[in-house]
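Here's the letter readout for the chains.
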Amino acid sequence: MPAADVALDRTLAALADPARRRVIELLLDGPKPAGELAQAQGLSAPAMSRHLRVLRTRGLVAAERGDPVDSRLHIYRLRRGPFKRLRSWLDDIEDYWQDQLSAFKAHAERGARGRRT
Amino acid sequence: MRPTDSVTVTTVVALAPDAAFAVFTDEVDAWWRRGPRFRSRATEDGTLAFTGGRLVETFADGERYEVGRVLHWEPGARLVFEWRDRSFAATESTEVEVRFVPDARGTRVTLVHRGWDRLGPNHPGRRGARGHAFLDVLGLWWADLTVSLRALTGRH
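The present account deals with the structure reproduced in this document. (Residues numbered from 1 in each chain as written. Chains lettered and ligands numbered in written order. Predicted model: local features only at pLDDT ≥ 70, side-chain atom pairs only at ≥ 80, totals over all residues.)

### Overview of the overall build of chain B
How we decide: Each helix is a run of H or I in the DSSP string that is no shorter than four residues. Each strand is a run of E no shorter than two, and both are numbered from the N terminus. To assign burial, the other C-beta atoms lying within 10 Å of each residue's own C-beta are counted, with C-beta atoms placed from the backbone; 20 or more indicates buried, 12 or fewer indicates exposed, and intermediate counts indicate partly exposed. Our contact criterion uses C-beta atoms placed from the backbone: two residues qualify when those atoms are within 7 Å.
What chain B contains, in helices and strands, is three helices and seven strands. Counting from the amino terminus, helix and strand elements in chain B follow one another as β-α-α-β-β-β-β-β-β-α. Across the 156 residues that make up chain B, the buried fraction comes to 30%. The long-range share in chain B, meaning contacts at least 24 apart out of those at least 6 apart in sequence, stands at 43%.

As structure tokens, then:
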């Protein structure tokens, strides 16, 4: 499997969990402290911390220390790179069907001319 | 199902809807593109046909590969069929809907491919064949985020 696919696989594995997907959704609005992300889902700080660690090690989010001691105040933000690969996958599916429809159009209009003559 | 769990493509064809629908279905083998990216075998193209309520690819050695059942057949207006890759489990399927709408230039044909959220995170599509790179990851539910992700990465 090409390297890019392995990276995409990791991205998708990280997103396989609904709590982590919700984190991504929340961060689409802008950077947020870990405590707020936990609160938004009714999760404990340690549970959210585990999810954030997965997202961080897969490179989907980055953290900045909001406080030297309290990790709930660390500010999380989305990293764009991995999502570009997701987008590119979606684009592949679109390309697949757009190629198909173009072939259909070309064939149908060739046939239409044939039927008229 | 949220509407972002889908891919939509469209074209306009210079035929009336009835004729466009007939070409789309009766002549599917003539227009459906060839090669491993579009057909079910890597080495050989079979013959595609909507037959017996199914979309089937038939090969020279007699194999009949069923792409999926036809779920809705409304000539001149709407066609819905299941779409599955060889790597899918027997119970797994996605869905393709094609609408034919009259347009000043003929017929607007709009195709929607949806249903990835029905596939489990570990479904066999993730081990999909070379040339089907996008199928490797079909099973993971992420499409809900599609619109936002596209905004994030600066397209559409």
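### Remarks on the overall build of chain A
Scanning chain A from N- to C-terminus turns up five helices and three strands. Overall, chain A shows an N-to-C arrangement of helices and strands of α-α-β-α-α-β-β-α. Within chain A, the fraction of its 117 residues that count as buried is 23%. In chain A, 53% of the contacts between residues at least 6 apart in sequence involve partners at least 24 apart.

### Structural notes on the sheet that holds strand β1 (residues 32-33) of chain A
The test is simple: What makes two strands pair is DSSP finding at least two bridges between them.
Taken together, three strands build an open sheet; the order of strands is β1-β3-β2 (chain A) and the sheet is antiparallel. On the outer flanks of this sheet lie β1 and β2 (61-64) of chain A, each paired with one strand and no other.

### Comments concerning the packing of helix α3 (residues 34-41) of chain A against helix α4 (residues 45-57) of chain A
Two measures define how a pair of helices packs: the angle their axes make with one another and the distance between the axes. All names here are of chain A. Convention followed: To define axes, lines are fitted to C-alpha atoms, for helices over the stretch in contact only, and angles between the resulting N-to-C directions are given on a 0 to 180 degree scale. Throughout, the term roughly parallel applies to angles under 35 degrees, roughly antiparallel to angles over 145, roughly perpendicular to angles from 65 to 115, and oblique to all others. A clockwise turn of the near helix away from the far one marks a right-handed crossing, whereas an anticlockwise turn of less than a right angle marks a left-handed crossing. Residues are grouped as follows: Ala, Val, Leu, Ile, Met, Phe, Trp, Tyr, Cys and Pro are nonpolar; Asp, Glu, Lys and Arg are charged; every other residue, Gly included, is polar.
Contact geometry of α3 with α4 gives a least axis separation of 9 Å together with a crossing angle of 110 degrees. As judged from the angle between their axes, α3 and α4 are roughly perpendicular. The interaxial crossing formed by α3 with α4 has right-handed handedness. For the pair α3 and α4, contact is made by Ala-34, Gly-35, Leu-37 and Ala-38 and by Ala-45, Met-48, Ser-49 and Leu-52, respectively. When its residues are assigned to classes, the contact of α3 with α4 shows six nonpolar, two polar and no charged.

### Here we look at the packing of helix α2 (residues 18-28) of chain A against α3 of chain A
All names here are of chain A. With their axes 10 Å apart at the nearest point, α2 and α3 run at an angle of 120 degrees to one another. It follows from the interaxial angle that α2 and α3 lie oblique. Judged by the sense of rotation from one axis to the other, the crossing of α2 with α3 is right-handed. When α2 is examined against α3, the residues Ala-19, Arg-22, Val-23 and Leu-26 are found in contact with a partner set consisting of Leu-37, Ala-40 and Gln-41. Each residue belonging to the contact of α2 with α3 can be placed in one class, and the counts come to five nonpolar, one polar and one charged.

### Details of α3 of chain A
All names here are of chain A. The condition is simple: The arc in question is traced by the directions running from the helix axis to the C-beta atoms.
Among all positions in α3, only Ala-34, Leu-37 and Ala-38 are buried. All buried residues of α3 project into a common sector of 100 degrees when viewed along the axis, lining one side. Residues of α3 that are buried sit in contact with α2, β1, α4 and β3 (75-78). Phi for Gly-42, located one or two positions after α3, is positive at around 65 degrees.

### Things to note about the nonpolar core
For clarity, the cut-off: Nonpolar cores are built from buried Ala, Val, Leu, Ile, Met, Phe, Trp, Tyr and Cys residues. These are joined into a set through C-beta atoms within 7 Å.
Of all hydrophobic cores here, the largest spans 21 residues; its most connected members are Ala-108 of chain A together with Ala-20, Phe-24, Val-98 and Val-109 of chain B. Of all the secondary structure elements, the ones that give two or more residues to this core are α5 (81-116) of chain A together with α1 (17-26), β5 (78-83), β6 (94-103) and β7 (106-114) of chain B. In terms of residue count, α1 of chain B provides more of this core than any other element does, four residues in total. Beyond its immediate chain neighbours, meaning those up to four positions away, Phe-24 of chain B contacts Phe-104 of chain A together with Leu-79 and Val-98 of chain B. Among the nonpolar cores identified, the runner-up in size contains 15 residues, and Ile-24, Leu-55, Val-61 and Tyr-76 of chain A belong to it.

Fair warning: the whole summary comes from geometry, so function is off the table for now.
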